[in-house]
Amino acid sequence: MREIVLDTETTGFEPAEGDRIVEIGAVELLNHMPTGRTYHQYINPERSMPKGAFEVHGLGDDFLRDKPKFAAIAQDFLDFIGDARLVIHNAAFDMKFLNAELGWVNKPRIPNDRALDTLAIARKRFPGSPASLDALCRRFGIDNGARTLHGALLDSEILAEVYLELIGGRQPDFALGVAQGGGNDAAQSEWRPRPRSAPLPPRITEEEAAAHAEFIGKLGDDALWKRFG
């Protein structure tokens, strides 16, 4: 299963009022594991940067002036995400901007049901508790010390860690629970796994392992994944 963990930075809150995307960052997951493939692009918003937005992400007019306009990068972005599910924190916000930008350049919009909202997942799992990305990093012990300002790629990498914690770790669907009906209950309760006669061979290539190690290396010495390496 291919997923894209994604984040954007913008000039404000409403594309209908002239706000634009200024940065897109995305991280590819395959079967809930990072592949090392990322997408990162700064974008010229073709308008001035409001002071409030600049204080959030630090992307100013001088820096963005020579960056490509959205029309120039739209197809590359669509090619990267393909038909993968999108994992986004507060998905409605980013999807609103992405689809506005795509519509303005006559590119196909992304169906909203392709987006999985980690904010909604966090609020369901921890009702009444703070569910911001920083709050979830504190809850799960994820190092976000480099996050002095919002940045789309860094936030996507952090969100990838948060997402895996929210869905139960690196093997979210691997549950050894109550037997599914029938059978001898006593025999089932006494069963214990036995060691394999020979270890299973690895199923990832050297290139995939190196890409994963490179991604983990960027997360800092206290990254949660390093505890399970």
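For the structure, check the block above.
Residues numbered from 1 in each chain as written. Predicted model: local features only at pLDDT ≥ 70, side-chain atom pairs only at ≥ 80, totals over all residues. Heavy atoms only, no water.

(A) Expanded view of unusual backbone geometry. Even without being glycine, asparagine 31 reaches a positive phi, approximately 55°. Here asparagine 31 lies in the loop between strand S2 (21–30) and strand S3 (33–42). A relative accessible area of 49% places asparagine 31 in the partly exposed class. Of note in this structure, asparagine 106 is not a glycine but carries a positive phi near 60°. Along the polypeptide, asparagine 106 turns up in the loop between helix H4 (91–104) and strand S5 (115–117). Note on asparagine 106: relative accessible area 71%, which makes it exposed. (Helix = DSSP H or I, 4+ residues; strand = E, 2+ residues; numbered from the N terminus. Buried < 20%, exposed > 50% of the residue type's maximum accessible area, 1.4 Å probe, protein only.)

(B) Summary view of the packing of aromatic side chains. What the rule picks out here adds up to 5 aromatic pairs. Plain terms: the ring middles of tyrosine 42 and phenylalanine 63 are 4.9 Å apart, the flat faces sit at 90° to each other, and that makes the pair edge-to-face. Separated by 21 residues along the polypeptide, tyrosine 42 in strand S3 and phenylalanine 63 in helix H2 (residues 61–64) bring together distant segments of the chain. According to the relative accessible area criterion, tyrosine 42 is partly exposed, its value standing at 25%. In this structure phenylalanine 63 comes out as partly exposed when scored by relative accessible area, which is 37%. Note that lysine 67 overlies the ring of phenylalanine 63, its terminal NZ or CZ placed 4.0 Å from the centroid. For arginine 139, the ring lying beneath its charged end belongs to phenylalanine 126, and the centroid distance is 3.7 Å. (Phe/Tyr/Trp six-rings, centres within 6.5 Å; stacked < 30°, edge-to-face > 60°. Lys NZ or Arg CZ within 6 Å of the ring centre and 35° of its normal.)

(C) The arrangement of helix H7 (residues 152–166) in detail. For H7, spanning 15 residues, the distance from its first C-alpha to its last is 20 Å, which sits close to the expected 21 Å at 1.5 Å a residue. Taking burial as the measure, the 15 residues of H7 include 13 buried ones, the bulk of the element. Looking at the residues trailing H7, positive phi occurs at glycine 168, about 110°. (Expected span 1.5 Å × (residues − 1).)

(D) Expanded view of the side chain of threonine 8. Among the secondary structure elements, threonine 8 is positioned in strand S1 (residues 2–10). With relative accessibility at 4%, the residue threonine 8 sits in the buried group. A distance of 2.6 Å separates the side chain of threonine 8 from the side chain of aspartate 94, its partner in a polar contact. Not counting chain neighbours up to four residues away, the residues in contact with threonine 8 comprise Ile21, Glu23, Ile24, Phe93, Asp94, Leu98 and Ala152. (Polar contact = N/O pair within 3.5 Å; in protein donor to acceptor, adjacent residues only side chain to side chain. Contact = heavy atoms within 4.5 Å.)

(E) Structural view of the nonpolar core. Counting 25 residues, the largest nonpolar core has Ile4, Ile24, Phe77 and Ile81 as its most contacted members. Setting aside residues up to four positions removed in sequence, isoleucine 81 forms contacts with Arg2, Ile4, Leu6, Leu86, Ile110 and Arg114. Listed in part, the 24 residues of the second largest apolar core include Phe126, Leu133, Leu136 and Ile216. (Core = buried A, V, L, I, M, F, W, Y, C linked by side-chain atoms within 4.5 Å.)

(F) Summary view of the sheet that holds S5. What the 5 strands build is an open sheet, ordered S3-S2-S1-S4-S5; its pairing is mixed. Bordering the open sheet on either side are S3 and S5, each of which pairs with just one other strand. Neighbour-to-neighbour, the strand axes of this sheet turn through a mean angle of 25°, independent of strand direction. Together, S1, S2, S3, strand S4 (85–88) and S5 form the strand contacts of H7, whose direction differs from that of S2 by roughly 35°. The sheet strands contacting helix H9 (residues 206–217) are S2 and S3, and the helix crosses S3 at an angle near 60°. (Pairing = 2+ DSSP bridges. Axes fitted to C-alpha atoms, helices over the stretch in contact; angles between N-to-C directions.)

(G) Highlighting the layout of surface pockets. Taken as a whole, the largest pocket holds about 560 Å³ of empty space. Residue lining of the largest pocket: 24 residues in total, with Asp7, Thr8, Glu9, Phe93 and His150 positioned closest to the centre. For the lining of the largest pocket, the secondary structure elements donating two or more residues are S1, helix H1 (51–57), H4, helix H6 (133–140) and H7. Of the residues assigned to the lining of the largest pocket, the class counts are 8 nonpolar, 10 polar and 6 charged. (1 Å grid on protein atoms, 1.4 Å probe; cavity = no way out; pocket = protein on both sides within 12 Å on 5 of 7 lines; lining within 4 Å. Points joined across faces, edges and corners; volume = space filled by probe spheres on them. Nonpolar A, V, L, I, M, F, W, Y, C, P; charged D, E, K, R; others polar.)

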